[in-house]
Amino acid sequence: MLILLLGEFLVRLTLLLSFAPKNMLKLSVIAKVFITGLRMDLAANSWILLPLILWLLLAPQIAVEKKWHHRLFMSLSSVFFFVIVFNWFAEYFFFEEFHSRFNTVAVDYVLYPYEVFVNVWESYPVIPAVLFCGFLAFLCTFMIRKSLNRTITAQSTFGSRLPVFAVLIAFF
């Protein structure tokens, strides 16, 4: 969760430094934005991580110890980080165009996917962005691989996993 919070902090900081009028920045407003953002990020990340948290809580130890599980877990972690990193970049470009974080304009992206895809493909360097996001996702997974390995290989029971689950649920 720390990588997610750090990334979202950097997105917020980048948006602030790139788009906020310099003469309107007050320390109290900036502090409120970052504190509110942190609170929202904790809640959003709890929801985003809920499937993983539930799997690690409920998965039988015998399944967790299998090699296929380890490979699946690491692969899904990489995919997860790719989606998150890609979302961070998409937020920046969305804000650059619409002067807003994701909002109802983003619904058009879902309702008219072909038109939006063609527009995005023509307006932005999609392939370099996807490759860069893939590299960052790999880097994130690589940076926390030891922690992920410890999580996967830890001998634990449902009862010993429950307190960790309770702490994470507290962020909801």
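An account of the accompanying structure is given in this report.

The rules behind each value
Residues numbered from 1 in each chain as written. Predicted model: local features only at pLDDT ≥ 70, side-chain atom pairs only at ≥ 80, totals over all residues. Heavy atoms only, no water. 1 Å grid on protein atoms, 1.4 Å probe; cavity = no way out; pocket = protein on both sides within 12 Å on 5 of 7 lines; lining within 4 Å. Points joined across faces, edges and corners; volume = space filled by probe spheres on them. Helix = DSSP H or I, 4+ residues; strand = E, 2+ residues; numbered from the N terminus. Nonpolar A, V, L, I, M, F, W, Y, C, P; charged D, E, K, R; others polar.

Some remarks on the layout of surface pockets
In this structure, the largest pocket spans a volume of roughly 1000 Å³. Leu-52, Leu-56, Phe-73, Leu-148 and Thr-151 are, among the 33 residues lining the largest pocket, the residues nearest its centre. Mapped by element, the contributors of at least two residues to the lining of the largest pocket are helix 1 (2–19), helix 2 (27–58), helix 3 (61–64), helix 4 (67–98), helix 8 (145–153) and helix 9 (158–169). Here the lining of the largest pocket gets 8 residues from one element, more than from any other, and that element is helix 2. Taken together, the residues of the lining of the largest pocket break down into 25 nonpolar, 7 polar and 1 charged. What the second largest pocket holds in volume is close to 510 Å³. Among the secondary structure elements, those contributing two or more residues to the lining of the second largest pocket are helix 4, helix 5 (104–111), helix 6 (113–123) and helix 7 (126–143).

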